[in-house]
There are 2 protein chains.
Amino acid sequence: MKFGGTSMAGTERIRRVANIVRKQAANGDQVAVVVSAMAGETDRLVNFCREANPLYDPAEYDVVVASGEQVTSGLLALTLQALGCKARSWLGWQLPVHTVEAHAKARIEDIDSDALLASMAAGEIAVIPGFQGIGGDGRVTTLGRGGSDTSAVAVAAAIGADRCDIYTDVDGVYTTDPRIVAKARKQKAVTYEEMLELASVGAKVLQTRSVGLAMKEGVRVQVLSSFTGDDAVPADELPGTMIVSEEEMEQILEDGHMERQHVTGIAHDKNEAKIILTRVPDKPGAVANIFSPLADASINVDMIIQNVGRDKGETDVTFTVPQTDLPRAQALLEDRREDIGFNRIITDSHVAKVSVVGVGMKSHAGVASTMFKSLADRGINIQAISTSEIKVSVMIDEDETELAVRVLHTAYGLDAD
Amino acid sequence: MKFGGTSMAGTERIRRVANIVRKQAANGDQVAVVVSAMAGETDRLVNFCREANPLYDPAEYDVVVASGEQVTSGLLALTLQALGCKARSWLGWQLPVHTVEAHAKARIEDIDSDALLASMAAGEIAVIPGFQGIGGDGRVTTLGRGGSDTSAVAVAAAIGADRCDIYTDVDGVYTTDPRIVAKARKQKAVTYEEMLELASVGAKVLQTRSVGLAMKEGVRVQVLSSFTGDDAVPADELPGTMIVSEEEMEQILEDGHMERQHVTGIAHDKNEAKIILTRVPDKPGAVANIFSPLADASINVDMIIQNVGRDKGETDVTFTVPQTDLPRAQALLEDRREDIGFNRIITDSHVAKVSVVGVGMKSHAGVASTMFKSLADRGINIQAISTSEIKVSVMIDEDETELAVRVLHTAYGLDAD
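Residues numbered from 1 in each chain as written. Chains lettered and ligands numbered in written order. Predicted model: local features only at pLDDT ≥ 70, side-chain atom pairs only at ≥ 80, totals over all residues. Heavy atoms only, no water.

- Per an unreviewed UniProt entry, chain A goes by Aspartokinase and derives from Tsuneonella flava.
- Its UniProt record gives chain A a comment under Sequence similarities (unreviewed entry), which states: "Belongs to the aspartokinase family."
- In its Catalytic activity (unreviewed entry) section, the UniProt entry covering chain A states "L-aspartate + ATP = 4-phospho-L-aspartate + ADP". (UniProt positions renumbered as here; feature names shortened; annotations may be inferred.)

**Considerations on the sheet that holds strand S9 (residues 164–168) of chain A**
All names here are of chain A.
Step number 1: Strands sit in the order S3-S6-S2-S1-S9-S11-S12-S10 across an open sheet of eight strands; the sheet is mixed. With partners counted over all chains shown, the strands left at the sheet margins are strand S3 (87–89) and strand S10 (189–191), one partner each.
Step number 2: Pairing geometry for strand S1 (residues 2–3) and strand S2 (residues 32–35), over two bridges, is parallel. Counted as the bridge partner of Phe3 is Val35 from S2. (Pairing = 2+ DSSP bridges. Helix = DSSP H or I, 4+ residues; strand = E, 2+ residues; numbered from the N terminus.)

**Considering helix H2 (residues 41–52) of chain A**
All names here are of chain A.
Step number 1: End to end, H2 covers 17 Å across 12 residues, agreeing with the expected 16 Å (1.5 Å per residue, within 8%).
Step number 2: Residues of H2 that are buried: Glu41, Thr42, Leu45, Val46, Phe48, Cys49 and Ala52. Taken end-on, H2 shows its buried residues confined to a sector of 150 degrees, consistent with a single buried face. (Expected span 1.5 Å × (residues − 1). Buried < 20%, exposed > 50% of the residue type's maximum accessible area, 1.4 Å probe, protein only. Arc of directions from axis to C-beta.)

**A look at the interface of chain B and chain A**
Step number 1: In this assembly, 39 residues from chain B lie in contact with 39 residues from chain A.
Step number 2: Contact with chain A buries surface across chain B, with B:Glu60, B:Leu78 and B:Trp93 losing the most and accounting together for 19% of the total.
Step number 3: Where chain B meets chain A, there are two salt bridges.
Step number 4: Seen at the junction of chain B and chain A, the total is 15 residue pairs in polar contact (both at pLDDT 80 or more).
Step number 5: Broken down by element, the residue count for the side of chain B that touches chain A peaks at 11 residues, all from helix H4 (residues 67–82) of chain B.
Step number 6: In the side of chain B that touches chain A, the residues fall into 20 nonpolar, 11 polar and eight charged. (Contact = heavy atoms within 4.5 Å. Buried area = accessible area lost by both parts, 1.4 Å probe. Salt bridge = Lys/Arg side-chain N within 4 Å of Asp/Glu carboxyl O. Polar contact = N/O pair within 3.5 Å; in protein donor to acceptor, adjacent residues only side chain to side chain. Nonpolar A, V, L, I, M, F, W, Y, C, P; charged D, E, K, R; others polar.)

**Overview of unusual backbone geometry**
Step number 1: Looking along the chain, the bond that leaves A:Leu95 and enters A:Pro96 is cis, with omega of -10 degrees.
Step number 2: As for its placement among the helices and strands, A:Pro96 is situated in the loop between S3 and strand S4 (97–100).
Step number 3: Positive phi is not limited to glycine here, since B:Ala104 has a value of about 70 degrees.
Step number 4: Along the chain, the position of B:Ala104 falls in the loop between strand S4 (97–100) and strand S5 (107–111).
Step number 5: For B:Phe131, which is not a glycine, the phi torsion comes out positive at approximately 80 degrees.

**Some details on the packing of aromatic side chains**
Residue and element names in this part refer to chain A.
Step number 1: Under the definition given, this model contains seven aromatic pairs over all chains.
Step number 2: Seen from their ring centres, Phe291 and Phe319 are 4.9 Å apart, and the 75 degrees between their planes marks the pair as edge-to-face. Of the two residues, Phe291 sits in helix H10 (residues 286–296) while Phe319 sits in strand S16 (residues 314–322), which places them 28 residues apart along the sequence.
Step number 3: The class for Phe291 is buried, based on a relative accessible area of 14%. (Phe/Tyr/Trp six-rings, centres within 6.5 Å; stacked < 30°, edge-to-face > 60°.)

Right, here's the structure in full:
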């Protein structure tokens, strides 16, 4: 079970979490709980580090920020004990959670689970601070912001858990953002691949890394809400959304627990920016001249299209980057104006990406054409297109995002009755 | 070097601390720094624990409260790096600081200093969170409130430090509380024994345990202020008060660095309460019946006097306990009224203990009689007396505390010119 910062914000909320955990344990289950720091605490600690040293040493940064989860893990253990449960905390260095690579953005390599399993078998609820581990240097490491989801999946994998229940402030994965489409439906299940596409295009329910790890390790993940009150349906009855392998999804569909759909969800992302380079020489190597330096600078380029230019031998190149990287990308391209040989840079942050996602589209043609036609019927102009095996994305004007999402939700038959 | 919570309260103050440390290191010294949590932080964390579980598990309490010093140690290392120093933090479990006995009131048994000494020899300033260690169970322990002074002395002993400089919000040990006596003088040096008596009777400059440890390990301690500004005298020039062995004190006196005094200081303590049990049977075992149950309940009885009772074969027994233990002591005695056989319990929190302290009184008669005469001359009534080799204490009415301290300060020739 994993609880995020909003669920852990203060002793009252921790008591609510403890009640949920107690019920699960009372069910006869062996339970390990991974917790985030209290909401706002990590920001407070990061600010201390910035004030102390703007160019902070990641190893010391880790010492400071890992304390937030240390506090909540101790407090949850105490609260569980107050409810009559046996419980104890296991800090990252105690299990230990071995990590590799850099401080402040470590990756979990291995978790020693022997002591943990013995303690759980003896009836103790294990409470584990998320986000932290121990490096090869014997020092505290952290996984980067949002790393607690990944910790939870890694612990679940290490102990061979039947399920990893991730409690969030939403009660599952929807067909699209319910704030935009009132008729959005909660999904019973989605595949890892679908969740990855939905997460990476803006359905921010789980950290992308955690989904990737769950897929790699075959950990069955359930997303559900910690705010549905003490008398909520037990997590065993799967009130949230299960994130599973394609094989398990096939079984769920065969057993008739869910309807077969071509499209699972509609995602949108307003955090992209468009860059157009005009009059780029239309010759071999020209495109590499643009994208190699961006890749070297770790700027993620998403959609790319080449327009036919006004003059022969020249083309316009359009692509998208994350909005936060736009100034850096622009400066980098200006520096290489001569190498690349473009005429003008035109940028536009006023764009959005809307995507339809579904493993079902692998075996079903016509998903993309339904998308283009539905949008065209409503006069929404498509500025760029990108596709993967289970996703079609289009770039449109930002003002038309909500309209496009509603149109597509209806077009693919996702509206609730 | 050790810095307390007031010195570490916020990144601005930590920067001031870092500057003091940097100067010491720039002096060519190898430096280890022990830090407390930010002022108020430990209280905040303790309150979380109480809210989570009023009967909290000390092992989990330790996990929560140890985080306060973890944060400040990381932040001081970062701040030192920002000033161009090499620095790193060493958490209690990393050194490790081995502790024994119970969680939440652990005692340092041993500190592995090899890695620490190697790091310091390589020019790194070591920053160590006070108050914390690791128990035989491999879990985080804390030393009990105020334990950072003890951590500092233990680290100094482990690395064979030339000196342990404890920076506080006072600039040394005075002949008495300067808020009461304007003519109080800062001492150049006091002995461990004197400091123990001064601390335990209310001159709250250092934690008593830390002084006891310094005496046992022969660590030379200097008490000085972290609030005298960046251009303060370097700590090497001993601007504070040195706490040393009697042998070193003899040397200091012989070298003429200090005047020989019979009385080193006047301490006072308003946190005692008086209990009178009337008409206790004057027979063998009666007194044991009173004090054994108090000792079993860890209630510290200080002064004891027996008055002649009104009737033959009966006496009144008067003694003092810490004010905070008064309700518990009273309840305990009421429970044993029949066993003990007293008539009434009379309690009085409106008392104070005033003590004169000095190793010089070992070899000089008349210190006690000067005390009694000076107080009698001003009409101050002595309700009880207790003495040790280097201390004479009297219990008086609380309202007369300040007057008594001033009278005695003058009587023993301690007033500054």
